[in-house]
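The residues making up each chain are set out below.
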Amino acid sequence: MSDIKALFFDIDHTLFSHSQNCVPPAVWKTLVELKEKGMKLFIATGRQYEDMKTLPVDWSLFDGFVTLNGAVNLDKDLDTISSFPITGKARENACRLFDECRIPFVVVERNRMYANFYDDGVYETQKQFGTPLLPPVGKTTDEDIFQLIFFIDRDREGIIANALEGCVLSRWNDSAVDATSPLAGKDRGVKALLDRFGYGDDNCIVFGDGGNDIPMLRAFSNSVAMGNARDEVREAASFVTSHIDEDGILNALRHFGVIS
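Residues numbered from 1 in each chain as written. Predicted model: local features only at pLDDT ≥ 70, side-chain atom pairs only at ≥ 80, totals over all residues. Heavy atoms only, no water.

1. Digging into the pairing of strand 11 (residues 204–208)
Within strand 11, five of the five residues are buried, which leaves the element mostly enclosed by the surrounding structure. Here strand 11 shows no split at all, with C204, V206 and G208 on one side and I205 and F207 on the other all buried. Across four bridges, strand 1 (residues 6–9) lies against strand 11 in parallel orientation. Residue pairing for strand 11: F8 is matched across the bridge by V206. In this fold, strand 11 hands off to helix 7 (residues 214–219), which returns the chain to strand 12 (residues 223–225); that crossover is right-handed. (Buried < 20%, exposed > 50% of the residue type's maximum accessible area, 1.4 Å probe, protein only. Helix = DSSP H or I, 4+ residues; strand = E, 2+ residues; numbered from the N terminus. Pairing = 2+ DSSP bridges. Right-handed = clockwise from strand over helix to strand, strands pointing away.)

Encoded structure:
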């Protein structure tokens, strides 16, 4: 498709294979070649940029970053294009929960992360994402809060939804869910970067595998769910490709005519 000028990738289990502990080599080689031909490459992740650096990836290849599920969106030089902290009553309740609640969770600021406490379930969840080193246990500050990461199962999610009314909950694991400002979202982060480069919605392909990718997959006509994604993620995309470890990204790029 000659009108495709930009590619947006979720990281975990979409671009980065945790079974291989790398971006699959054939995918990386293709991205480098596409970049040399003028394609713009972007990240769209729930991770904080500092947390991204724990993975063995050369992030300098990319032209911009939708981070924290669209709560902080950065250009190539890491200057902020747009940002949406959690404010008002939701922030007040988040700080109260941090001190009083017996649910482990992480507070994410622009350049800092810290938790109220951890339990065994947290350690098991993090091992699936290649980041066994968790943020330190700490105390809330006056800095802007851009994301809250609750380690809680689906059955108890209502506790968080009630306390953080107005925030958007995005589940990325059966045992973990993010909370962000209602102004955030990967879809809005992608749009902000497209606007920065003067591209339209049809000029991009977006790739994802998790629940936090659903708004992005629904928002853009050229959207790819990985073969390893859950059913609700697959249903949100215009195309379902193969598993990340079975050339999922390359097969999608062939489908859309970006590579032959």
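Still more to cover.
2. Here we look at the side chain of D209
If you trace the backbone, D209 turns up in the loop between strand 11 and helix 7. Buried charge without a partner: D209 forms no salt bridge, and the closest opposite charge is K186, 6.8 Å away. Contacts of D209, omitting those with residues within four sequence positions, involve D10, D12, H13, T14, M226, N228, A229, R230 and V233. (Lys, Arg positive; Asp, Glu negative; His and termini not counted. Salt bridge = Lys/Arg side-chain N within 4 Å of Asp/Glu carboxyl O. Contact = heavy atoms within 4.5 Å.)

3. Section: the pattern of salt bridges
Going through the model one piece at a time under the given rule, you end up with 17 salt bridges. Residue D195 is joined to K191 by a salt bridge in which the shortest nitrogen-to-oxygen separation is 2.9 Å. Taken together, the positions of D195 and K191, both in helix 6 (residues 186–197) and four residues apart, correspond to about one turn of that helix. Salt bridges linked by common partners bring R154, D174, R230 and E232 together as one network.

4. Quick notes on the nonpolar core
In summary, soluble globular proteins display a tendency toward joint burial of nonpolar side chains. Ranked by size, the top nonpolar core spans 51 residues in total, and within it L7 and W59 carry the most contacts. Of the residues forming this core, the biggest block, four residues, is contributed by helix 9 (residues 248–255). In contact with L7, other than residues within four places in its own chain, are L31, L34, M39, K40, L41, F42, I205, F207 and L253. (Core = buried A, V, L, I, M, F, W, Y, C linked by side-chain atoms within 4.5 Å.)

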